[in-house]
Amino acid sequence: MQLALVEVQRRIQSRVPLPWIQPDSAWLAAQRHAGRPVVRFKDIPLEWTDFRLTFRQTADILHRFEAIDRAEHTAILAVGRDGNTLEPIVHNWYAATSGADPSDAGNRVPEGAPASLDQVLLLALRPFLMRCAEALMQREDLSGWTHGHCPVCGWEPDFAVITPNADRRLICGRCTAQWVFGSSTCPFCANDDRALVTSFATRDGRYRVYACDVCRRYLKAFDGRNATRSVLIAVDTIATLPLDAAAMQKGYVG
Ligand SMILES: [Zn+2]
Ligand SMILES: [Zn+2]
């Protein structure tokens, strides 16, 4: 299922134009200071025909692999078909989950929406947000970001990479932007007491888990210090599924 989803995202991503996002430095500094990401909804290069296609194909894949049942699938497709319904839903969901513009925040999903709508929106919006991350991550201004959430889209990290010079870079679970974050600080609750962060590696040393004993969340990382390749999100998140099982067995949550 992961591979089918990656395939859809890759196909759409290649069609999405690189957005022209040129915020001025003062505005960027103000966003950074407030812990707000830089991509507002209007900055996303959303082409609605492409988005609706991704949305529908994502729902189809989740249904095909039995991640959502028939009733959910039908309800999701109905949302996707009606442009007047879908557009404000996507807008509100992004505004509520990014925090990029506090004056713009509404409900994350409408009342009575299908339970899996959140997941379908996350996956369908990803190729568009990845292009925003590509356009922005070159900028020096983002390097001073010190928060646990994403500087581009405000989402949480869901993977990390340890660089050859031992920095830990977090990787956003929505747009895949990367940013440096203290390796002994929990990105979810900012706990930085080393005694309360449990860390363990796989036997081959390729992967590592950081688990927080305050909020009980954990984060997996690819250890690039002795690696012969760089991190490959699609491959590494699947290769580390046994680590999720190990972390959950110890009582941590993803
Ligand atoms: Zn992000
Ligand atoms: Zn924590």
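Preceding this section is the structure that the text describes.
Attention here is on the structure that accompanies the text. (Residues numbered from 1 in each chain as written. Chains lettered and ligands numbered in written order. Predicted model: local features only at pLDDT ≥ 70, side-chain atom pairs only at ≥ 80, totals over all residues. Heavy atoms only, no water.)

## A word on the pairing of strand β1 (residues 157–162)
Taken residue by residue, a regular strand's side chains alternate between the two faces of the sheet. With 5 of 6 residues buried, β1 lies mostly within the body of the structure. Here β1 runs beside strand β2 (residues 168–172); their pairing, made up of 5 bridges, is antiparallel. In the sheet register, Pro157 faces β2, and the bridge partner there is Cys172. With antiparallel pairing between neighbouring strands as the criterion, β1 and β2 make up a hairpin whose turn holds 5 residues, including Ala166 at a positive phi of roughly 70°. Across 3 bridges, the pairing between β1 and strand β6 (residues 218–223) is parallel. Residue Val161 lies in a different strand from β6, and its bridge partner there is Phe222. (Buried < 20%, exposed > 50% of the residue type's maximum accessible area, 1.4 Å probe, protein only. Helix = DSSP H or I, 4+ residues; strand = E, 2+ residues; numbered from the N terminus. Pairing = 2+ DSSP bridges.)

## Focus: the pattern of salt bridges
Taken as a whole, this structure holds 9 salt bridges when the rule is applied. Salt-bridge contacts for Glu134 lead to Arg131; the nearest nitrogen and oxygen are separated by 2.8 Å. Linking Glu134 with Arg131, this pair stays in helix α6 (residues 117–136), spanning 3 residues, or about one helical turn. Looking at Glu134, the relative accessible area reads 33%, which means it is partly exposed. Assessed through its relative accessible area of 17%, Arg131 is described here as buried. The residue Glu156 makes a salt bridge to Arg217 at a minimum N-O spacing of 3.0 Å. Linking Glu156 in the loop between α6 and β1 with Arg217 in the loop between β5 (207–212) and β6, this pair joins segments that are 61 residues apart in sequence. (Salt bridge = Lys/Arg side-chain N within 4 Å of Asp/Glu carboxyl O.)

## Description of the nonpolar core
One finds Val39, Phe51 and Phe55 to be the most contacted residues of the largest nonpolar core, which totals 54 residues. Secondary structure elements with two or more residues in this core: α1 (2–13), α3 (48–64), α4 (70–81), α5 (83–98), α6, β1, β2 and β6. If you tally residues by element for this core, the top one is α6, at 12 residues. Dropping the residues within four chain positions of it, Val39 is found in contact with Ile21, Ile44, Tyr94, Ala100, Leu129, Cys132, Leu136 and Val152. Counting residues in each nonpolar core, the second largest holds 13 residues, with Val161, Tyr207, Val209 and Ala211 among its members. (Core = buried A, V, L, I, M, F, W, Y, C linked by side-chain atoms within 4.5 Å. Contact = heavy atoms within 4.5 Å.)

## Some details on the coordination of the zinc ion (ligand 2)
In this structure, Cys186 (SG), Cys189 (SG), Cys212 (SG) and Cys215 (SG) serve as the protein donors to the zinc ion (ligand 2), at separations of 2.3 to 2.4 Å. Coordination at the zinc ion (ligand 2) is tetrahedral: its 4 donor atoms span angles of 104 to 113° at the metal. All donors of the zinc ion (ligand 2) come from a single chain, and their spacing in sequence reads C-x2-C-x22-C-x2-C. Taken together, the positions of Cys189 in the loop between β3 (178–180) and β4 (197–201) and Cys212 in strand β5 put the pair 23 residues apart, joining distant regions of the chain. By relative accessible area, Cys189 is classed as partly exposed at 31%. By relative accessible area, Cys212 is classed as buried at 2%. (Donors = N, O, S within 2.8 Å, 3.2 Å for Na, K, Ca; no water. Tetrahedral: all angles 85-135°; square planar, octahedral: opposite > 155°, others 65-115°.)

## Digging into the packing of α3 against α5
At a minimum axis separation of 12 Å, α3 and α5 run at an interaxial angle of 90°. Overall, the two elements α3 and α5 adopt an arrangement that is roughly perpendicular. Contacts between α3 and α5 involve Trp48, Phe51, Arg52 and Phe55 on the former and, on the latter, Gly83, Leu86, Glu87 and Val90. Residues belonging to the contact of α3 with α5 are distributed by class as follows: 5 nonpolar, 1 polar and 2 charged. (Axes fitted to C-alpha atoms, helices over the stretch in contact; angles between N-to-C directions. Parallel < 35°, antiparallel > 145°, perpendicular 65-115°, else oblique. Nonpolar A, V, L, I, M, F, W, Y, C, P; charged D, E, K, R; others polar.)

Read these as spatial facts, not as claims about activity.
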